[in-house]
Amino acid sequence: MFGLIGHLTSLAHAQAVAKDLGFEEYAEQDLEFWCSAPPQIVDNIKVTSITGQQIEGRYVESCFLPEMLAGNRGKTAVRKILNAMAHAQKYGIDITALGGFSSIIFETFNLSQMRQVRNIQLEIERFTTGNTHTAYIICRQVEEASRKYGIDLSKATIAVCGATGDIGSAVCRWLDTRTEIKDLILVARNQDRLVELQAQLGRGKIMGIEQALPLADIVVWVASMPKGMEIDPSTLKRPCILIDGGYPKNMSTQIQQPEVYVINGGIVEHSLDIDWKIMKIVNMSTPARQLFACFAESMLLEFEGWHTNFSWGRNQITVENMEKIGRVSIKHGFKPLIA
Ligand code: NDP
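Everything in this summary refers to the structure shown in the same document. In this text, all values refer to a predicted model and were calculated from it rather than measured experimentally. Within each chain, residues carry numbers counting from 1 in the order of the written sequence. Thresholds applied to this predicted model are a pLDDT of at least 70 for local features of residues and 80 or more for the giving and counting of side-chain atom pairs; totals over whole chains, interfaces and linings are not thresholded and use all residues. Note: side-chain values were computed over all heavy atoms of the structure, leaving out hydrogens and water.

## Topic: the overall build of the protein
Here's step 1: The number of helices and strands found in the protein is 13 helices and 16 strands.
Here's step 2: For 339 residues, the compact-globule estimate of 2.2 N^0.38 gives 20 Å, and the protein sits close to it at 19 Å.
Here's step 3: C-alpha atoms of the protein, sized along the principal axes, occupy 55 × 45 × 40 Å.
Here's step 4: With a 1.4 Å probe rolled over the protein chains alone, any residue whose accessible area is under 20% of its type maximum counts as buried; one over 50% counts as exposed, and the rest are partly exposed. Of all 339 residues assigned to the protein, the portion counted as buried reaches 55%.
Here's step 5: With 34 positive and 37 negative side-chain charges, the protein shows a spacing of 1 Å between the two charge centroids. Working definition: helices are DSSP H or I runs of at least four residues, strands are E runs of at least two. Numbering for both runs from the N terminus. We compute the radius of gyration from the C-alpha atoms alone; for a globule the expected value is 2.2 Å times N to the 0.38, where N is the number of residues. Charged residues are defined narrowly, with Lys and Arg counted positive, Asp and Glu counted negative, and His plus the chain ends left uncounted. Charged groups are reduced to one reference atom each: NZ for lysine, CZ for arginine, CG for aspartic acid, CD for glutamic acid.

Structure below.
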């Protein structure tokens, strides 16, 4: 059985969803209440591959909200993620994806040192960040969207916002070795890590986002920000492709301008309907078929019987592993979303 540990994007979102799911007692509550709410299994899932194979899974809502990080409630965030992992393990789930901020909290707070959760010793091999598949899908979105919107990659500049992160660094490695892109711009806050990445890649210009936006034909957004940032669309090149892989979204600006194409980054579409209700809640346009690529990674590991932490740690994703998960993604009927 596979599992997905997820969370909602804000307190307002959580209140609306609780109402929808029939958890009326959660719908009226404030952040304090969500801080003390235990994890819950809120969905049973059945997925059929295009090969005909069928698997079953569970969705575990951790009750973590990004406001907990913004409001300096690090200890609460840690408790939420550890409790959700223990819940998944107690339920006997073989391989569970840590969606959105779950894996970021795991790494930031060094939770591999805190594996005893009450009477449960967490078995790390039962969990995956799902970031290898996410990085692969974002790279495929770059390649397919550039073809669709007439951007020649050999003449293109690509800016990666969140370049030093787990997903961002993997995307940079793929773009460097598997595509012919002309220029790569690396954006993040910590300069030491940017310089280290630049040295590993042997290329890449380090810039702030305001400097990078007017130069980029394609922007990949994979920064871990609790809230999206405002950007000025008039500074963008035309045409320009913006692939927003953040959860919550990295860009808070709604852009509807000619020749600016915004793509829901890190999202896959399955070839067959999935029997679940959870994706309606996170506002997918085709909720029976669209999902986060990290969640799809746990499905792929279950389909293949690879019950192992395929994606783990930070900045260790290899291009070879991206290709490996990519092959089984295609085999089972997942495609990158190009909206
Ligand atoms: P990491 O924590 O590994 O990396 C985050 C990166 O963002 C770092 O480079 C960090 O560098 C940078 N960053 C953070 N804040 C800012 C800022 N204000 N401006 C510029 N750069 C910033 O995160 P992951 O790679 O694991 O995840 C990245 C994003 O992808 C998250 O939003 C996550 O929720 C989302 N995600 C989406 C998935 C999907 O299936 N679609 C799956 C998993 C994650 P620095 O701190 O130096 O600025």
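## Some words on the nonpolar core
Here's step 1: For this analysis, a nonpolar core means a set of buried residues of the types Ala, Val, Leu, Ile, Met, Phe, Trp, Tyr and Cys, connected via side-chain atoms within 4.5 Å. Formed by 105 residues in total, the largest nonpolar core has its most connected members in Val160 and Leu291.
Here's step 2: What fixes the domain bounds is an automatic or database domain assignment. Two domains share this core, each providing at least three of its residues, namely domain 1 (2–131 + 269–332) and domain 2 (136–266).

## Digging into the sheet that holds strand β16 (residues 334–336)
Here's step 1: Strand pairing is assigned whenever DSSP detects at least two bridges linking the two strands. Strand order in this open sheet of three strands is β15-β14-β16, and the pairing throughout is antiparallel. Sheet topology places β15 (290–292) and β16 at the edges, where each strand pairs with a single neighbour. Each neighbouring strand pair of the sheet contributes to a mean axis angle of 40°, computed without reference to strand direction. Between the N-to-C directions of two axes lies an angle of 0 to 180 degrees, each axis being a line fitted to C-alpha atoms and, for a helix, fitted only over the stretch in contact.

## What about empty space enclosed by the protein?
Here's step 1: Here a cavity means grid points, on a 1 Å grid over the protein atoms only, where a 1.4 Å probe fits yet cannot get out; a pocket means an open set of points with protein on both sides within 12 Å along at least five of seven lines; lining residues are those with an atom within 4 Å of a point. Grid points are joined across faces, edges and corners, and a volume is the space filled by probe spheres set on the points. One pass over the structure, following the stated rule, counts one cavity of 30 Å³ or more.
Here's step 2: Contributing elements (two or more residues each) for the lining of the largest cavity: α1 (11–20), β2 (40–48), β3 (54–61) and α11 (278–281).
Here's step 3: In the scheme used here, Gly and all other residues not listed as nonpolar or charged are polar, with Ala, Val, Leu, Ile, Met, Phe, Trp, Tyr, Cys and Pro taken as nonpolar and Asp, Glu, Lys and Arg as charged. The residue makeup of the lining of the largest cavity, split by class, is 15 nonpolar, one polar and one charged.

## Details of the state of the cysteines
Here's step 1: The term disulfide is used for any two cysteine sulfur atoms that are within 2.5 Å. Evaluated as defined, the whole model comprises zero disulfides.
Here's step 2: Cys139 takes part in no disulfide bond, and the closest cysteine sulfur to it belongs to Cys172, at a distance of 8.8 Å.
Here's step 3: Cys139 gets classed as buried once you look at its relative accessible area, which sits at 0%.
Here's step 4: Residue Cys172 is classed as buried on the basis of its relative accessible area of 0%.

## Quick look at the site of the ligand
Here's step 1: What makes a residue near a molecule or strand is one non-hydrogen atom of that residue sitting within 4 Å of it. Neighbouring the ligand are 28 residues; Thr164, Asp166, Arg189, Asn190 and Tyr247 lie closest to it.
Here's step 2: Cys294 is positioned such that a nitrogen or oxygen atom in its backbone is 3.1 Å from an oxygen atom of the ligand.
Here's step 3: All accessible-area figures derive from a Shrake-Rupley calculation using a 1.4 Å probe, and residue coverage is judged against the displayed protein chains alone. Here the ligand, which alone exposes 930 Å², has 91% of that area covered by the protein.
Here's step 4: Among the residues forming the shell around the ligand, the class breakdown is 12 nonpolar, 12 polar and four charged. Pairs of N or O atoms within 3.5 Å make up the polar contacts considered here, provided that, within protein, one atom can donate a hydrogen while the other can accept it, and that residues adjacent in sequence are counted only when both atoms are side-chain atoms.

## Looking at α1
Here's step 1: What α1 keeps buried is the set Leu11, His13, Ala14, Val17 and Ala18. Viewed along the axis of α1, the buried residues span an arc of 155°, placing them on a single side of the element. Projecting away from the buried face of α1 at angles above 90 degrees are the exposed residues Ala12 and Asp20.
Here's step 2: Here, two residues are considered to be in contact whenever any of their heavy atoms come within 4.5 Å of each other. Where α1 is buried, its residues contact α2 (24–27), α3 (31–36), α4 (67–70) and α11. Taken from the helix axis, the directions to the C-beta atoms give the arc we talk about.

## A look at the pattern of salt bridges
Pairing is possible between side chains that carry opposite charge, provided their charged atoms lie close to one another.
Here's step 1: The salt bridge criterion pairs a side-chain nitrogen of Lys or Arg with a carboxyl oxygen of Asp or Glu, the two atoms within 4 Å. Applying the stated criterion to the full structure yields 15 salt bridges.
Here's step 2: The salt bridge involving Arg58 is made with Glu56; its shortest N-O contact spans 3.5 Å.
Here's step 3: Overall, Arg58 belongs to the buried group, its relative accessible area being 11%.
Here's step 4: Measuring nitrogen to oxygen at the nearest pair gives 2.8 Å for the salt bridge that ties Glu304 to Lys331. With Glu304 in helix α12 (residues 293–304) and Lys331 in helix α13 (residues 319–332), the pair connects residues that are 27 residues apart, well separated along the chain.
Here's step 5: We classify Glu304 as partly exposed; its relative accessible area is 22%.
Here's step 6: One salt-bridge network, held together by shared partners, links Arg178, Glu320 and Glu323.

So, to be careful, I would describe these as geometric facts and stop short of saying anything about function.
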